[in-house]
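Residue-level listing of the chains:
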Amino acid sequence: MLKEYKTKRDFKKTSEPAGSSRKRSSAQPMFVVQEHHSSHLHYDVRLEIDGVLASWAVPKGPPLDPADKRLAVKTEDHPMEYGTFEGEIPKGEYGGGTVSMWDKGTYENSKLKKDGILMSMKSAVKAGHIEIIFFGKKLKGKYAFIRTAFSGEKKNWLMIKMKIT
Ligand code: MN
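Residues numbered from 1 in each chain as written. Predicted model: local features only at pLDDT ≥ 70, side-chain atom pairs only at ≥ 80, totals over all residues. Heavy atoms only, no water.

Caption draft 1: Structural view of the nonpolar core. Core analysis: the largest hydrophobic core is formed by 24 residues, its most contacted members being L47, W56, I130, F134, F145 and M159. Listed by contribution, the elements that provide at least two residues to this core are β1 (30-37), β2 (41-49), β3 (52-58), β6 (97-109), α2 (121-127), β7 (129-135), β8 (140-147) and β9 (156-161). Setting aside its immediate chain neighbours within four residues, I130 contacts W56, M121, A124, V125, Y143, A144, F145 and W157. If you look at the next biggest cluster of nonpolar residues, it comprises nine residues, including Y5, M30, V32 and F85. (Core = buried A, V, L, I, M, F, W, Y, C linked by side-chain atoms within 4.5 Å. Buried < 20%, exposed > 50% of the residue type's maximum accessible area, 1.4 Å probe, protein only. Helix = DSSP H or I, 4+ residues; strand = E, 2+ residues; numbered from the N terminus. Contact = heavy atoms within 4.5 Å.)

Spelled out as structure tokens, the structure:
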């Protein structure tokens, strides 16, 4: 799952973690949002799913208002160690620029299947419709991530704050 992450980076040049896929023992999966000042400022929203950080780049940042639907472009899975990464990615390297923590915490999957049973996060990503509850400092309550049908490479999603929590 981390192949794309590793091929994009030269770990002799960047201080980002080379990382590996691993499971954490805690009951609640973690999330982080990293503010990333690269060629264009964006916010990387990362959700722990099956031992890696599933990732989306949100140019305008996560919405805090249900009226704002924010573009979230799916990017490559990142290793769990990336969840604590802050600092400088060298200029000229992939994603060169400054990374700082914007928010972190845990989240809870709340996406139900038609039969009322919880859908796995992996299945929800595959189906292009995630529903989770954030327990962060800035991100709180229920959010949806919905893949939009009109994107050619199917990498475009919308991140939406839901009214009902
Ligand atoms: Mn980024």
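From this point, the discussion proceeds with the structure in view.
Caption draft 2: Main features of a nonpolar patch on the surface. Taken together, the side chains of L112, I117 and L118 define a hydrophobic patch exposed on the protein surface, amounting to about 280 Å² of accessible area. Among the secondary structure elements, L118 is positioned in the loop between β6 and α2. In this structure L118 comes out as partly exposed when scored by relative accessible area, which is 45%. (Patch = residues over 30% accessible without salt bridge, like charges linked within 9 Å, V, L, I, M, F, W, Y side chains within 5 Å. Areas by Shrake-Rupley, 256 points an atom, 1.4 Å probe, with all protein chains shown as cover. Salt bridge = Lys/Arg side-chain N within 4 Å of Asp/Glu carboxyl O.)

Caption draft 3: Main features of the coordination of the manganese ion. For the manganese ion, the full set of protein donor atoms is H36 (ND1), H42 (NE2) and D44 (OD), and the range of their distances to it is 2.2 to 2.3 Å. Expressed as a motif, the donor residue spacing for the manganese ion is H-x5-H-x1-D. The exposure class assigned to D44 is buried, which follows from its relative accessible area of 5%. (Donors = N, O, S within 2.8 Å, 3.2 Å for Na, K, Ca; no water.)

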